[in-house]
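# Geometric and topological summary
Below are the chains, spelled out letter by letter.
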Amino acid sequence: MTVSDLHVHSSASCDCDASIWEMCDAAVQLGLEAVAFTDHLEFKPEDPCYKRFDYAKALYTFEKARSYYDGTLEILFGVEVTYWSDIEEEIRDYLRDHQFDIVIGAIHYAPPVDIWSPADAEYVKNDHLAARRALKTYFSQVEKLAKSRLFDAVAHFGIYQRYIRTWPPVIGDSELEPCLMSALDAIVRYSRLELNAATLHMPVPLPLPSVEVMKIYKEMGGLTPIYGSDAHTPSKVGKDLGIALDVIKQAGFGEFASWRDVVRPNGPRLKKVSGDEGVSIP
Ligand SMILES: [Zn+2]
Ligand SMILES: [Zn+2]
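Definitions and cut-offs
Residues numbered from 1 in each chain as written. Chains lettered and ligands numbered in written order. Predicted model: local features only at pLDDT ≥ 70, side-chain atom pairs only at ≥ 80, totals over all residues. Heavy atoms only, no water. Helix = DSSP H or I, 4+ residues; strand = E, 2+ residues; numbered from the N terminus. Rg over C-alpha atoms; globule rule 2.2 N^0.38 Å. Buried < 20%, exposed > 50% of the residue type's maximum accessible area, 1.4 Å probe, protein only. Contact = heavy atoms within 4.5 Å. Lys, Arg positive; Asp, Glu negative; His and termini not counted. Charge placed at Lys NZ, Arg CZ, Asp CG, Glu CD. Disulfide = S-S within 2.5 Å. Donors = N, O, S within 2.8 Å, 3.2 Å for Na, K, Ca; no water. Phe/Tyr/Trp six-rings, centres within 6.5 Å; stacked < 30°, edge-to-face > 60°. Salt bridge = Lys/Arg side-chain N within 4 Å of Asp/Glu carboxyl O. Polar contact = N/O pair within 3.5 Å; in protein donor to acceptor, adjacent residues only side chain to side chain.

Of the regular secondary structure elements, the protein chain holds 10 helices and 7 strands. Over its C-alpha atoms the protein chain spans a radius of gyration of 18 Å, differing by no more than 12% from the 19 Å that the globule rule assigns to 282 residues. Viewed in the frame of its principal axes, the protein chain has a C-alpha envelope of about 60 × 40 × 35 Å. Within the protein chain, buried positions represent 56% of all 282 residues. Considering only contacts within the protein chain whose residues lie at least 6 apart along the sequence, 76% involve residues at least 24 apart. With 29 positive and 42 negative side-chain charges, the protein chain shows a spacing of 2 Å between the two charge centroids.

Shown next, in the form of structure tokens:
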């Protein structure tokens, strides 16, 4: 079975030191069919990677790698964008002026809780109102992200659970469950889910999203999910693929989507091939 890892970082991301070459070599060793580089593209000054993505430089390096690995590994030029509804127009303008092979959208924040701080677990546990507000923020932002139609996939749906496991239950809650359902409905209509493998190695493995959520998505008619290792180091490329596959199989999917299912017709990959021969996907 051939697999595409469609969420990988490189040194074009401010939080990753690995070169595109190291990441590609790891993918070749694993026998992956394709890797999508989805480096961080940030639009808010408070984000550590704000204005750190250099499109021209990233594309230059990328095209060199694409020629080098031609015939061995398919690589896609992408980005992972932190979405906020209040900057949607800015994101839209940027994506109109800069072409990518794949664009994935992520919600990385859920105020008033700092979801990246394990210390906030106590806050979430003790202040139910704050916890519920954070979850509502998260789900409504995911819904808007999908409805913007700017993104080929939604990254790590449920990321708020990564460092904090003390959240109130969502499914079965009369207020929170409808928020989750609206977000999923928008993803089904306008995007697709990723199964993010970055948290599968944890002592209590955390598929993002959970099997339960993936099942609902499948029942709603969601497209085949993509697999994303979210690797920031070569050893994490293609990580826990077997477990990830098991998660989507439990939800009723047979396999992961291929790069061919998501590659953009106007991205550098197909635009280059199109030259005078017309668009073709090998
Ligand atoms: Zn992310
Ligand atoms: Zn990522």
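Before going further, it helps to examine the state of the cysteines. According to the stated counting rule, one finds 1 disulfide in the structure shown. A sulfur-sulfur separation of 2.0 Å characterises the disulfide bridge that pairs C14 with C49. For the disulfide bridge between C14 and C49, the dihedral angle about the S-S bond is near -75°, and by the sign convention the bridge is left-handed. Linking C14 in the loop between β1 (4-8) and α1 (20-30) with C49 in the loop between β2 (34-41) and α2 (55-68), this pair joins segments that are 35 residues apart in sequence. A relative accessible area of 25% means that C14 is categorised as partly exposed.

Another point: the coordination of the zinc ion (ligand 1). Looking at the zinc ion (ligand 1), one finds its protein donor set to be E80 (OE), H108 (NE2) and H156 (NE2), positioned 2.0 to 2.2 Å from the metal centre. In primary sequence terms, the donor set of the zinc ion (ligand 1) follows E-x27-H-x47-H. For the pair the zinc ion (ligand 1) and the zinc ion (ligand 2), the metal-to-metal distance amounts to 3.7 Å, and E80 bridges them. Taken as a pair, E80 in strand β3 (residues 74-82) and H108 in the loop between β4 (102-106) and α4 (120-126) lie far apart in primary sequence, 28 residues in all.

Further remarks concern the environment of G254. For G254, the location among the structural elements is in the loop between α8 (241-250) and α9 (259-262). When the C-alpha atoms of G254 and T224 are compared, they prove to be 8.5 Å apart, with 30 residues separating the residues in sequence.

In this section: the packing of aromatic side chains. All told, the structure shown has 20 aromatic pairs when counted by the stated rule. Centre to centre, the rings of F77 and F100 are 5.2 Å apart; their planes meet at 25°, and the pair counts as stacked. With a gap of 23 residues between them, F77 in strand β3 and F100 in the loop between α3 (88-97) and β4 connect regions that are remote in the sequence. What makes F77 buried here is its relative accessible area of 3%.

Let us look at the side chain of D47. Position of D47 among the secondary structure elements: in the loop between β2 and α2. The charged side chain of D47 is buried without a salt bridge, its nearest counter-charge being R52 at 8.3 Å. Side-chain polar atoms of D47 contact the side chain of Y109, separated by 2.6 Å. Ignoring anything within four residues of it in the chain, the contact list for D47 reads E42, T82 and Y109.

Counted according to the given criterion, the structure contains 15 salt bridges. When the shortest N-O distance is used, the salt bridge between R269 and E74 registers 2.3 Å. Placement of the pair is R269 in helix α10 (residues 268-274) and E74 in strand β3, with a sequence separation of 195 residues. Two residues, E175 and R132, come together in a salt bridge whose shortest N-O distance is 2.9 Å. Taken together, the residues E175 in the loop between β5 (153-154) and α6 (176-190) and R132 in helix α5 (residues 128-147) connect sequence positions 43 residues apart. Overlapping salt bridges bring together R132, K136, D173 and E175 as one network.

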